[in-house]
Amino acid sequence: MAHTAQSEHTIHIHPQAPGKVPEGVACNGCGVCCLFEPCPLGVVLSRTRIGACSALLWQDALGQYRCGAIVAPEGVLAASLPRGTRWLTPLLAPLLRRWGARWIAADKGCDSSLEVVRRGSTTMPTTDSTYPIRAMARRSPP
């Protein structure tokens, strides 16, 4: 996980996302780590080191976040590659899927020490279940 100078900031979590699991426990798709900051591959795809990874996808059917580099590499590449190189998408998609699984250590357990404090919406309460929940995420002390 990339380290930024900022150790605490607000993230917006889907209201149906599962709660973050402790480090070492199997990933449950909470999305907290990727909403806080992109991994090294996400930095390349998102072109930023700060904030949510642009490759992170919410999957309604699963009720979980998933890495788009793994579950939708074609779409992630089409959005990330410069216009003149998008013809490479079908060739690069299988590689991105493999790299993505390796970079996020898929099936290795949660490696995020972030703590999450859910705070509710920043606007008027709503009954829309797709509205993101505002939460504060911060690095746990070592």
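Heads up: the structure comes first, above all this text.
Throughout what follows, the structure given in this document is the object of discussion. (Residues numbered from 1 in each chain as written. Predicted model: local features only at pLDDT ≥ 70, side-chain atom pairs only at ≥ 80, totals over all residues. Heavy atoms only, no water.)

## Overview of the state of the cysteines
Under the criterion given, the structure shown has zero disulfides. No disulfide involves Cys39; its nearest neighbouring cysteine sulfur is the one of Cys53, lying 6.0 Å away. Since its relative accessible area comes to 13%, Cys39 is described here as buried. Among the cysteines around Cys110, which has no disulfide bond, Cys30 carries the closest sulfur, lying 6.4 Å off. (Disulfide = S-S within 2.5 Å. Buried < 20%, exposed > 50% of the residue type's maximum accessible area, 1.4 Å probe, protein only.)

## A few points about helix H4 (residues 73-80)
Every α-helical turn comprises 3.6 residues, leaving residues that sit three or four positions apart pointing alike. Within the span of H4, buried status applies to Pro73, Val76, Leu77 and Ser80. Mapping the buried residues of H4 onto a view down its axis gives an arc of 95°, with all of them on the same face. Where the residues of H4 are buried, they touch helix H2 (40-46), helix H3 (68-71) and helix H5 (89-103). (Helix = DSSP H or I, 4+ residues; strand = E, 2+ residues; numbered from the N terminus. Arc of directions from axis to C-beta. Contact = heavy atoms within 4.5 Å.)

## Here's the deal with empty space enclosed by the protein
The gaps of empty space that remain are located by a probe, the size of a water molecule, rolled over the atoms. For the coordinates displayed, the defined rule picks out one cavity of 30 Å³ or more. Within this model, the largest cavity holds a volume of roughly 80 Å³. Along the walls of the largest cavity sit Cys34, Cys39, Leu41, Gly42, Leu45, Cys53, Ala55, Leu56, Cys67, Gly68, Ala69 and Ile104, which together make up its complete lining. Of all the elements, H2 adds the most residues to the lining of the largest cavity, at three residues. Counted by class, the lining of the largest cavity contains 10 nonpolar, two polar and no charged residues. (1 Å grid on protein atoms, 1.4 Å probe; cavity = no way out; pocket = protein on both sides within 12 Å on 5 of 7 lines; lining within 4 Å. Points joined across faces, edges and corners; volume = space filled by probe spheres on them. Nonpolar A, V, L, I, M, F, W, Y, C, P; charged D, E, K, R; others polar.)

## Regarding the packing of aromatic side chains
The full count for this structure, using the stated rule, is one aromatic pair. Here Trp58 and Tyr65 contribute two aromatic rings whose centre-to-centre distance is 4.9 Å and whose plane-to-plane angle is 70°, an arrangement assigned as edge-to-face. (Phe/Tyr/Trp six-rings, centres within 6.5 Å; stacked < 30°, edge-to-face > 60°.)

## Describing the side chain of Thr89
With respect to the helices and strands, Thr89 occurs in helix H5. Leaving out residues up to four positions away in the same chain, Thr89 has contacts with Glu74, Leu77, Ala78 and Leu81.

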